[in-house]
Amino acid sequence: MMNGDWTSALARARAHAPYLAQGLDRLPALAELLASSDGEAALAWAKAAGEGAPTFGSALRREKQALALALAIGDLAGAFPLLRVTGELSAFADRALDAAIAEAIRRRVPDAEPAGFLALALGKHGAGELNYSSDIDPILLYDPALLPRRERDEPGEAAQRVARSLMELMSHVDHEGYVFRVDLRLRPASEVSPLAIPIDAALTHYESSALAWERAAFIRARACAGDITAGEAFLAAIRPFVWRKSLDFGAIAEVGRLTGRIRANHHGPKAPGPGFDLKKGRGGIREVEFFAQIHQLIHGGRNPSIRLRGTRASLDALAAAGIIAAEDAVLLGDSYDRLRVLEHRLQMVADQQTHSLPLDPAALDNVARLDGLADGAALVAELAGITEAVGQRYDRLVAEHAGEETSVAVSAPRSGAALAAEIERLGFPEPEVLAARIEGWRSGKLRVLRSEAARAAFDAVQPRLLAAFAAAPEPLHALLRWEQLLTNLPSAVNLFRLLEARPGLADLVARVLCLAPPLADALARRADLLDPLIDASAFELPGEVAELVEAMARGEADDDYEALLGRVRRKVGELRFALGVQLIEGSTDPLEIAAALARVAEAALAVLTAATIAEFERVHGRVPGCDLVIMGLGRFGGGALTHASDLDIVFLFSGDHSAESDGGRPLGATLYFNRLAQRVSAALSVPTAEGALYEVDTRLRPSGAQGPLAVSLDSFARYQRENAWTWEHMALTRARPLFGPGTARDELRTIVEAELTRPRDPAKLREDVLAMRAEMARHKPAKGPLDVKLLRGGLVDLEFVIHYLQLREGRGLFPALSEALAGLTDAGLVPSSLSEAYRLMGRLLVAARLLAPEGQEPPQAARVALARACGCGDWNDLLAALATARQAVAATWLATFGLELEID
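All of these numbers come straight from a predicted model, not from anything done at the bench.

Rules used throughout
- Residues numbered from 1 in each chain as written.
- Predicted model: local features only at pLDDT ≥ 70, side-chain atom pairs only at ≥ 80, totals over all residues.
- Heavy atoms only, no water.
- Helix = DSSP H or I, 4+ residues; strand = E, 2+ residues; numbered from the N terminus.
- Buried < 20%, exposed > 50% of the residue type's maximum accessible area, 1.4 Å probe, protein only.
- Contact = heavy atoms within 4.5 Å.
- Areas by Shrake-Rupley, 256 points an atom, 1.4 Å probe, with all protein chains shown as cover.
- Lys, Arg positive; Asp, Glu negative; His and termini not counted.
- Charge placed at Lys NZ, Arg CZ, Asp CG, Glu CD.
- Salt bridge = Lys/Arg side-chain N within 4 Å of Asp/Glu carboxyl O.
- Core = buried A, V, L, I, M, F, W, Y, C linked by side-chain atoms within 4.5 Å.
- Axes fitted to C-alpha atoms, helices over the stretch in contact; angles between N-to-C directions.
- Parallel < 35°, antiparallel > 145°, perpendicular 65-115°, else oblique.
- pLDDT = per-residue confidence, 0-100.
- Arc of directions from axis to C-beta.
- Pairing = 2+ DSSP bridges.
- Left-handed = near helix turned anticlockwise from the far one by under 90°.
- Nonpolar A, V, L, I, M, F, W, Y, C, P; charged D, E, K, R; others polar.
- Phe/Tyr/Trp six-rings, centres within 6.5 Å; stacked < 30°, edge-to-face > 60°.
- Lys NZ or Arg CZ within 6 Å of the ring centre and 35° of its normal.

1. Let's talk about the overall build of the protein chain
Here is step 1: When you go through the protein chain residue by residue, the secondary structure sums to 39 helices and 9 strands.
Here is step 2: The C-alpha extent of the protein chain, read off along each of the three principal axes, is 105 × 75 × 60 Å.
Here is step 3: In the protein chain, which comprises 904 residues, the share counted as buried stands at 56%.
Here is step 4: In the protein chain, of all internal contacts separated by at least 6 residues, the share reaching a separation of at least 24 is 71%.
Here is step 5: On the protein chain, roughly 36500 Å² of surface is accessible, and the fraction owed to carbon and sulfur atoms is 52%.
Here is step 6: Once the 99 positive and 119 negative side-chain charges of the protein chain are each reduced to a mean point, those two points are 2 Å apart.

2. Digging into the side chain of Arg734
Here is step 1: Summarising the element assignment, Arg734 is placed in the loop between helix 32 (726-732) and strand 9 (736-739).
Here is step 2: Other than its neighbours up to four places away in sequence, Arg734 contacts Gly632, Leu633, Gly634, Arg635, Gly637, Gly638, Glu799, His803, Pro815 and Leu817.

3. A word on the pattern of salt bridges
It is possible for side chains of opposite charge to pair when their charged atoms get near one another.
Here is step 1: In this structure the tally under the stated criterion is 55 salt bridges.
Here is step 2: Here Arg84 ties to Glu88 by a salt bridge, and the two come within 3.0 Å at their closest N and O atoms. Note that Arg84 and Glu88 are positioned in helix 6 (residues 82-108) at a spacing of 4 residues, about one turn of the helix.
Here is step 3: Taking relative accessible area as the criterion, Arg84 reaches 26% and is therefore assigned partly exposed.
Here is step 4: The class of Glu88 is buried, set by a relative accessible area of 10%.
Here is step 5: One salt bridge connects Arg749 with Asp746, and the closest N-O pair in it is separated by 2.8 Å. Separated by 3 residues within a single helix, Arg749 and Asp746 lie in helix 33 (residues 742-757), roughly one turn from each other.

4. Let's talk about the nonpolar core
Here is step 1: Of all hydrophobic cores here, the largest spans 278 residues; its most connected members are Phe117, Met170, Trp482, Met552, Met841 and Leu866.
Here is step 2: No other element matches helix 28 (residues 590-620), which puts 15 residues into this core.
Here is step 3: Here Trp482 is in contact with Trp441, Phe458, Leu465, Phe469, Leu495, Phe496, Leu499, Val509 and Leu513, once residues within four sequence places are set aside.

5. With respect to the packing of helix 22 (residues 475-488) against helix 24 (residues 504-515)
Here is step 1: Between helix 22 and helix 24, the shortest axis-to-axis distance is 8 Å and the interhelical angle comes to 95°. Compared by their axis directions, helix 22 and helix 24 come out roughly perpendicular. Only Val509, Ala510, Leu513 and Cys514 of helix 24 make contact with helix 22, whose side of the interface consists of His477, Ala478, Arg481, Trp482 and Leu485.

6. Focus on the confidence of the model for the protein chain
Close inspection of predicted coordinates is inappropriate in any region flagged by low pLDDT.
Here is step 1: Considering every residue of the protein chain, the mean pLDDT works out to 91; 96% of them sit at 70 or more.
Here is step 2: In the predicted structure, residues 403-411 sits below a pLDDT of 50 and forms 13 contacts with residues beyond four places in sequence or in another chain.

7. Describing helix 1 (residues 6-16)
Here is step 1: For helix 1, the full list of buried residues reads Trp6, Ala9, Leu10, Arg12, Ala13 and His16. Considered in projection along helix 1, the buried side chains sweep an arc of 165° and stay on one side of the axis. Exposed positions of helix 1 whose direction lies more than 90 degrees from the buried face are Thr7 and Ala15.
Here is step 2: Buried positions along helix 1 lie against helix 2 (18-26), helix 3 (28-35), helix 4 (39-47), helix 5 (56-77), helix 16 (326-350) and helix 17 (361-371).

8. Side note on the pairing of strand 1 (residues 117-121)
Here is step 1: Extensive coverage of strand 1 is indicated by the burial of 5 of its 5 residues.
Here is step 2: Residues Phe117, Ala119 and Ala121 line one face of strand 1 and the alternating positions Leu118 and Leu120 line the opposite face, and both faces are buried.
Here is step 3: Sheet topology places strand 1 next to strand 4 (residues 222-226); 4 bridges connect them, and they run antiparallel. Paired with Ala119 across the two strands is Ala225, which belongs to strand 4.

9. Comments concerning the sheet that holds strand 4
Here is step 1: Pairing within the open sheet is mixed, and its 4 strands lie in the order 3-2-1-4. Unpaired on one side and paired on the other, strand 3 (196-198) and strand 4 mark the two borders of the sheet. The sheet shows a mean angle of 35° between the axes of neighbouring strands, direction not considered.
Here is step 2: Where strand 1 meets strand 2 (residues 139-142), 4 bridges bridge the pair, whose relative direction is antiparallel. Paired with Leu118 across the two strands is Leu141, which belongs to strand 2.
Here is step 3: Taken strand by strand, helix 6 contacts strand 1 and strand 4, and its axis lies near 45° from that of strand 4.

10. Let's talk about the packing of helix 1 against helix 17
Here is step 1: One can describe the packing of helix 1 onto helix 17 by two numbers: an axis separation of 9 Å at closest approach and a directional angle of 165°. It follows that helix 1 is roughly antiparallel to helix 17 by the angle criterion. Crossing of helix 1 against helix 17: the hand is left-handed. Where helix 1 abuts helix 17, its residues Arg12, Ala13, Ala15 and His16 lie against Asn366, Arg369, Leu370 and Asp371.
Here is step 2: Taken together, the residues that form the contact of helix 1 with helix 17 break down as 3 nonpolar, 2 polar and 3 charged.

11. Concerning the packing of aromatic side chains
Here is step 1: A full pass over the atoms with the stated rule returns 14 aromatic pairs.
Here is step 2: Ring centres of Trp6 and Phe80 lie 6.0 Å apart, and the angle between their planes is 85°; on these two criteria the pair is classed as edge-to-face. Of the two residues, Trp6 sits in helix 1 while Phe80 sits in the loop between helix 5 and helix 6, which places them 74 residues apart along the sequence. In terms of burial, Trp6 and Phe80 fall into one category: buried.
Here is step 3: Between Trp893 and Phe897, the ring centres sit 4.6 Å apart and the planes meet at 55°, which makes this aromatic pair tilted. Pair noted here: Trp893 and Phe897 are both in helix 39 (residues 875-897), with a separation of 4 residues, about one helical turn.
Here is step 4: Under the relative-accessibility criterion, Trp893 is labelled buried at 3%.
Here is step 5: The class for Phe897 is buried, based on a relative accessible area of 3%.
Here is step 6: For the cation-ring pair, Arg792 lies above Trp893, with the distance from its terminal atom to the ring centre recorded as 5.9 Å.

Structure (structure tokens):
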């Protein structure tokens, strides 16, 4: 128990709080415990105060009165912190509601076990933050099949009887006080609906016709009484309604407008002083709560860690997630706590549900002195500082999300002539034709604009979009790609509202549509790829693999395997898109983008493989002493992917291939790991509702497509030693273990190192390498002048040189080409110019996969972006640098093989 000044608390209570003074006189035994500074004993006494009461209701009222008194004195003494006070009051509300539900059912069916009826706590009750004189705002639900009732009662009638009895038990007032005032107006369609609602009817409401404010209300909802299991199942069922995968700026703006209406309809003082409302006034309690809830609505669908009920806990979680500034979380949290304490002081005086400072100066002084302040002026001065700091932060948030400057409500479609004039002013060609085309979108050509809400949202953002397209490098191309994007989307309301709420994104969308066809295609499939870009962290490189694994694996407690597949695809898609945006914006080195893409893929592989193994083991068990091992090859093994890369992987397994699994449907080890490998491949590649993930290429496994999908490490070692071709050993130079226990990975590294360092016939090796490159050149010529991979003197030729020297000399044996080159340079085997050539062509390869995906010279705007990505001043500088790099490769080829490369 915390220490506190109990003597001062009792004195202030008797002098300034008639309600508390009366309670101390009525309950001398409790007063004596409080005077002895034993707060925990006082609370225990209070919780037993209802024992021996003549009626059920009397028992609850006595406990409430004693509990409120003990908590109030402990609060005034500084012994009970705010969350202890509000938590104890909320826990009592849970107990009282639960007991009242059982009592109400048994009044009608005396021998029944309570079932099929439940209460959901919302608001401060749901958050565990009730104050001294709070209403409680439960939603009462029932299951017609389970609710006990008399034979002649209809389920609906029986449920309403329970609800009315519960209301009477909780709200009845007599000389012992009351339990809680109960407000049921938060239930669905409260104007016309019964007090208790069937669970299925409530589900239908929230899935189809609920309002935006109801989403915000359910952020803090929990099952608190009655059939808790059914309540938790209900909340799980409506979770997609509360926590949207994509942003809903319409709902967020509605919360902001709701706050504006609350402010407009609040007729009390606008600043602290007599009559100021601590709850509804500017910078008050509600604005702190809404500040947290708006951010939770925006980000909670993607980040389960911020789905908390408590206001202070939510602010802290938002700061920990980097969504709000840490200093704002502290300021708002401290302000909230202090406002809630002062709210309690107001309510302690006379047990009134008030949030306003007294109008009478003497009464204001009285409240201040109850709190321990000198007078009302000191209280008002403190509140002025608190509410101004809170109000400023909330004002900014509301302005940002309520769409005040481009509100749908004040936007209207332009006439064809006005639209044509605007298009002409912006510099588009053939403005009348283009205006007619855009009018055709609204007239039914585009499915996404057939609803009134969609057209209104589009009209609000159309001027900003046209301006963004006009400023884009290829304006008409951007506009036509926008039309294609809208044609492919199933719905676009949220996209329009996002662009309205974040006008800067319109410029970004225009550049994506102009410059990067693969990103534009991705956006046409999933407009919500823009959602993460509202956060500045989207323009930072993703973290290490372990951090990404944690983020991808994080989900709901009841998520199943299918949910995980979707979540990983969604997260990977967002990360790949954000990295693509970084590339076209020129904010990040393409080589760093390539490394980040590889980390994202490795994390996805780790999460999905672990989940697939767990699913597989439920049926087939484990193979004792054996584990799945996955090896990456090619660009994946080298840790540098592009947006077009597939995943080159080989499935292996450790242990005895003759072992058998121990599950209900046992399999031999070889069959076990081959089937498991098939499942993992599917997890990585099969499209789901969230789209595709990666193309998986397993053809580099022993014996290629003709061999089994997974082989034991022993078999792999034997194959590499006895049967592998030279090109397979070249591929092995980029091998990297990606999944499996540490001991198995070490065993694989030992096998690879032994094979790469064994003695070879240099002449035979040279012959094989040159033959393979000639064959490849015949069957896979360059697609265009920017196909830097297949051009002679390009990356493939550079890689052949590297791998030949690695196998011949046993030096520079690193999977990453940059590290391999550094090792070979240090050994004097290649010139340092080759590393510079690799960096230039590596950047060009990564950037061109987005900006020139067909390998041909792109439009002018994409040329500028490509040159910038490669660190060149302009397009001509880039072409000159590419020619120099190819000549460096050709010179090294000549020095290594004694043959000249034909460079165009």
